[in-house]
Amino acid sequence: DFTTVPNPIFYKLTEVRQLTATPNEESNNNGRNQVEKQNVNPTTIVGYIQIKSFNSIAPTKLKQAILDLKHQGSNAFGIDIQGNSGGAFQSAIQCAGLFLDNKVAVNVVGMTAND
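Rules of the game
- Residues numbered from 1 in each chain as written.
- Predicted model: local features only at pLDDT ≥ 70, side-chain atom pairs only at ≥ 80, totals over all residues.
- Heavy atoms only, no water.
- Pairing = 2+ DSSP bridges.
- Helix = DSSP H or I, 4+ residues; strand = E, 2+ residues; numbered from the N terminus.
- Axes fitted to C-alpha atoms, helices over the stretch in contact; angles between N-to-C directions.
- Contact = heavy atoms within 4.5 Å.
- Right-handed = clockwise from strand over helix to strand, strands pointing away.
- Buried < 20%, exposed > 50% of the residue type's maximum accessible area, 1.4 Å probe, protein only.
- Expected span 1.5 Å × (residues − 1).
- Arc of directions from axis to C-beta.

A.B. asks: Explain the sheet that holds strand β5 (residues 76-80) residue by residue, including any values.
C.D. replies: Taken in spatial order, the three strands of this open sheet run β1-β4-β5, and their pairing is mixed. The sheet terminates laterally at β1 (9-18) and β5, the two strands that pair on one side only. Going across the sheet, the axis of each strand differs from the next one's by a mean of 20°, ignoring polarity. Strand direction decides the pairing type here: β1 and strand β4 (residues 43-51), joined by nine bridges, are antiparallel. Bridge pairing in β4 links Leu13 to Gly47. Along the sheet, helix α1 (residues 58-71) contacts β1, β4 and β5; its crossing angle with β1, the most-contacted strand, is approximately 30°.

What follows is the structure, encoded as structure tokens:
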């Protein structure tokens, strides 16, 4: 018999946040505060992703969740690893790599200076 590997990823769109303009410190000729013009996305759509464990299918399922949430309009993510039972080190590194854009996810150092 084959053992089914449980899907460790749960995800959903959670909230939409509208950017509100903030008053600038400088005032115009009438003494009223000018509104800062910011070159940012006016709406943040948050995708919630819970990673329950780092098993063999976690990186693939996480990538699918990210793509699906982006397709639904998400442009920000909240990653929940609370209660994560752990799992495969390599799987956790692959999951982190999805967010790090070729940056170092982990640096393993030996117990002595020669390791």
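A.B. asks: Which residues make up the pairing of β5, and what are the values?
C.D. replies: Strand residues, when the strand is regular, have side chains that alternate between the two faces of the sheet. The pairing of β4 with β5 spans five bridges and is parallel. Within the sheet, the bridge partner assigned to Ile49 lies in β5 and is Ile79. Chirality of the crossover, the property in question, places the unit of β4, α1 and β5 among those that are right-handed.

A.B. asks: Let's hear about the environment of Lys63: which residues, and what values?
C.D. replies: Along the chain, Lys63 falls in helix α1. According to the relative accessible area criterion, Lys63 is partly exposed, its value standing at 48%. Put simply, Lys63 and Gln94 are 31 residues apart on the chain and 10.0 Å apart in space, counted from C-alpha to C-alpha.

A.B. asks: Any chance you could break down α1 for me, citing the residues and the numbers?
C.D. replies: Helical geometry note: an α-helix holds 3.6 residues per turn, so side chains three or four residues apart project in the same direction. Between its terminal C-alpha atoms α1 stretches 20 Å, which fits the 20 Å expected from 14 residues at 1.5 Å a residue. What α1 keeps buried is the set Ala58, Pro59, Leu62, Ala65, Ile66 and Leu69. Buried residues of α1 fall within an arc of 120° about the axis and therefore sit on the same side. Those residues of α1 that are exposed and angled more than 90 degrees off the buried face are Leu67 and His71. Packed against the buried residues of α1 are β1, β4, β5 and α2 (89-100).

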